[in-house]
Amino acid sequence: MTTAPSVNGQVIGQAHYATRAVLERLLAETGATFHESVALNATADGDGSIERDRLVERMTSTLKVDTTTAEAALSGLLAQGLLEEQSADVARLTLTAAGKETHRAQRAGIATITARLYADLPAEDMAAAGRVLTELTARANAVLAEG
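Residues numbered from 1 in each chain as written. Predicted model: local features only at pLDDT ≥ 70, side-chain atom pairs only at ≥ 80, totals over all residues. Heavy atoms only, no water.

Turning next to the nonpolar core. By size, the foremost hydrophobic cluster in this structure holds 15 residues, and its most contacted members are Ala-39, Leu-40, Leu-55, Met-59, Leu-74, Leu-77 and Leu-83. Elements with a contribution of two residues or more to this core: helix H2 (34-45), helix H3 (52-63), helix H4 (67-79) and strand S3 (89-95). The element that contributes the greatest number of residues to this core is H4, accounting for four residues. Leu-55 has contacts with Ala-39, Ala-42, Thr-43, Ile-50, Leu-74 and Leu-93, leaving out every residue within four places of it along the chain. One finds Leu-26, Leu-27, Phe-34 and Ile-110 within the second-largest nonpolar core, a separate group that totals five residues. (Core = buried A, V, L, I, M, F, W, Y, C linked by side-chain atoms within 4.5 Å. Buried < 20%, exposed > 50% of the residue type's maximum accessible area, 1.4 Å probe, protein only. Helix = DSSP H or I, 4+ residues; strand = E, 2+ residues; numbered from the N terminus. Contact = heavy atoms within 4.5 Å.)

Shown next, in the form of structure tokens:
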């Protein structure tokens, strides 16, 4: 019987990259990049509209990317017609009808993938993993904030 390894950076990284590869394959079907999908999701979370600066900050802080990378994703979404700048306030971005449809398709695909990947994992294991990963994220963010 093989014993599962303890949680460490390598195990977390392997899980991240394996699930990210599955997600990237899904996103390729919708024509969106990972960063663009994060921006669409964040905009949808704000009832389909979000301040551009807030969206960039959310992307840079959670994805650990620079502002140029976040802005490139937003420019791509604007060029594809998935986001638009509100005419009265160019600092605010809104999902277009096409953006809403792309987001809906992504969410449906992610729900299918999630059901498959997490199907038979015990709820208590998932809760423990969630607690550990949340704490690791907070600690890593604290180290990054120290400079």
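In this model, the chain carries a mean pLDDT of 93, and residues with pLDDT of at least 70 account for 98%. Per-residue pLDDT, averaged within each element of the chain, yields its smallest value for S3 (86) and its largest for H4 (97). (pLDDT = per-residue confidence, 0-100.)

Its 24 residues place the ends of helix H6 (residues 123-146) 35 Å apart at the C-alpha level, agreeing with the 34 Å of an ideal helix rising 1.5 Å per residue. The positive-phi residue at the C-terminal boundary of H6 is Gly-147, with phi of around 85°. (Expected span 1.5 Å × (residues − 1).)

On to a nonpolar patch on the surface. There is a patch of nonpolar side chains on the surface, built from Val-7, Val-132, Leu-133 and Leu-136 and spanning about 320 Å² of accessible area. Residue position: Val-7 is located in the segment before helix H1 (9-30). (Patch = residues over 30% accessible without salt bridge, like charges linked within 9 Å, V, L, I, M, F, W, Y side chains within 5 Å. Areas by Shrake-Rupley, 256 points an atom, 1.4 Å probe, with all protein chains shown as cover. Salt bridge = Lys/Arg side-chain N within 4 Å of Asp/Glu carboxyl O.)

Per the stated rule, a full pass over the model turns up zero aromatic pairs. In this structure, Arg-20 is placed above the aromatic ring of Phe-34, and the distance from its NZ or CZ to the ring centre is 3.7 Å. (Phe/Tyr/Trp six-rings, centres within 6.5 Å; stacked < 30°, edge-to-face > 60°. Lys NZ or Arg CZ within 6 Å of the ring centre and 35° of its normal.)

A separate point is the pattern of salt bridges. Within the structure shown, the criterion is met by six salt bridges. Here Arg-58 makes a salt bridge to Asp-45, at a shortest N to O gap of 3.0 Å. Here Arg-58, found in helix H3, pairs with Asp-45, found in helix H2; they are 13 residues apart in sequence, far enough to count as distant. The residue Arg-139 makes a salt bridge to Glu-135 at a minimum N-O spacing of 2.8 Å. Here Arg-139 pairs with Glu-135, and both are found in helix H6, just four residues apart, close to one helical turn. Assessed through its relative accessible area of 39%, Glu-135 is described here as partly exposed. Several salt bridges converge on common partners, so that one network encompasses Arg-52, Glu-71 and Glu-85.

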